[in-house]
Amino acid sequence: MKNALILFVFVLLGFCIRAVGIQWDQGTFLHPDERFLIMVTQDLSFPDSVNQYFSENSPLRVENTKHSFYVYGTFPVVILKGLSLLFLKEPSFYSLTMLGRYLSLFLETATIIGVYFLAQYFTQKQKLPLKTPFWATLIYACMVLPIQLSHFFAVDPFVTFFTLIAFLLFTLSERKNSLFWVALGSISWGLALSSKISAVFFAPLFVAFFFSLAFFTPQNFVVFQKPFGAFLRKFFMFTRYLFVLGVFTYITVRIFNPEYFASLSWINPLPSPHLLKN
């Protein structure tokens, strides 16, 4: 109960810091990236069918709007567009901007909670001081950049949140000894990639984690009498992790950001020339 109360206080502190001054520009839309993303959101519309969504003429493709230069993923603007249809009667530039900022605020606050549980995992695994998760939570709650990012609609809170959730789910695969959590984590990382392609730089971290999980967690595996047999067993588990990671991440990106790819064929993973150009 005491730990839950401390966590609640730190999360509430982080939320309040992020919520204060959320109308910092007083409706003048001074942040250029935010202003651009809202303009893109306004120009998007939902397709009439699933087939149209996956077609080259999809109205949710940024390349089919007047914005020829676009370096982000489409997942954040599509989510904002969908939320605007649900919660805004007549979406205006101002109301879309504020809804986007509230979305960033929600994601960043949820990230604070995620930091606690990830720090708790490493505290137990590495036998760190018991107060480590609380220090990690407090530090992230008061960090300047996350606070700043909570005050405007951008893709960075999406990348941070979904990458963190992916890592958390991957740690559950160790504790639960199940590929199910690897699949869920891969979906979350796919959403991060669908928000910004630079999330791909977390790939070495995830590969290293699964390598460690396969080769340095012997309690999860059968150890054969012959060393080579044990190595093959662990190498097989490592390739299983990578296979699930690759397949579910690819499927997620294909669904939530088909604009990344050059072909409509799912067996062709080549990137779009438009993406490479930008």
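No experiment lies behind these values; they were computed from the predicted model shown.

(A) Here's a closer look at the nonpolar core. With 64 residues, the main nonpolar core has Phe153, Phe170, Trp189, Phe206 and Phe210 as its most contacted residues. With 11 residues, the top contributor of residues to this core is helix 5 (residues 93–126).

(B) Just the packing of aromatic side chains, in detail. Scanning the entire structure with this criterion turns up 27 aromatic pairs. Between the aromatic rings of phenylalanine 29 and phenylalanine 93, the centroid separation amounts to 4.7 Å while the plane-to-plane angle is 70 degrees, which identifies the pairing as edge-to-face. In this pair, phenylalanine 29 sits in the loop between helix 1 (2–19) and helix 2 (32–43) while phenylalanine 93 sits in helix 5, placing the two residues 64 residues apart along the sequence. With respect to burial, phenylalanine 29 and phenylalanine 93 carry one shared label: buried. When the centroid spacing of 5.0 Å and the interplanar angle of 70 degrees are considered together, the rings of tyrosine 121 and phenylalanine 122 count as edge-to-face. Pairwise contacts between aromatic rings join Tyr121, Phe122, Phe167, Phe170, Trp189, Phe206, Phe209, Phe210 and Tyr241 into one cluster.

(C) Looking closely at unusual backbone geometry. Positive phi, close to 55 degrees, is recorded for phenylalanine 29, a residue that is not glycine. For lysine 127, which is not glycine, the phi torsion reads 55 degrees and is therefore positive. With respect to the helices, strands and loops of the structure, lysine 127 is situated in the loop between helix 5 and helix 6 (132–141).

(D) Highlighting helix 4 (residues 75–87). Between its first and last C-alpha atoms helix 4 spans 18 Å; for 13 residues at 1.5 Å apiece the expected length is 18 Å, and the two agree. For helix 4, the set of buried residues is Phe75, Pro76, Val77, Val78, Leu80, Lys81, Gly82 and Ser84.

(E) The side chain of serine 173, seen in detail. Within the element layout of this structure, serine 173 appears in helix 8 (residues 156–176). Leave out the neighbours within four places in its chain, and serine 173 touches Ser178, Trp181, Val182, Phe210 and Leu213.

Quick notes on the rules
Residues numbered from 1 in each chain as written. Predicted model: local features only at pLDDT ≥ 70, side-chain atom pairs only at ≥ 80, totals over all residues. Heavy atoms only, no water. Core = buried A, V, L, I, M, F, W, Y, C linked by side-chain atoms within 4.5 Å. Buried < 20%, exposed > 50% of the residue type's maximum accessible area, 1.4 Å probe, protein only. Helix = DSSP H or I, 4+ residues; strand = E, 2+ residues; numbered from the N terminus. Phe/Tyr/Trp six-rings, centres within 6.5 Å; stacked < 30°, edge-to-face > 60°. Expected span 1.5 Å × (residues − 1). Contact = heavy atoms within 4.5 Å.

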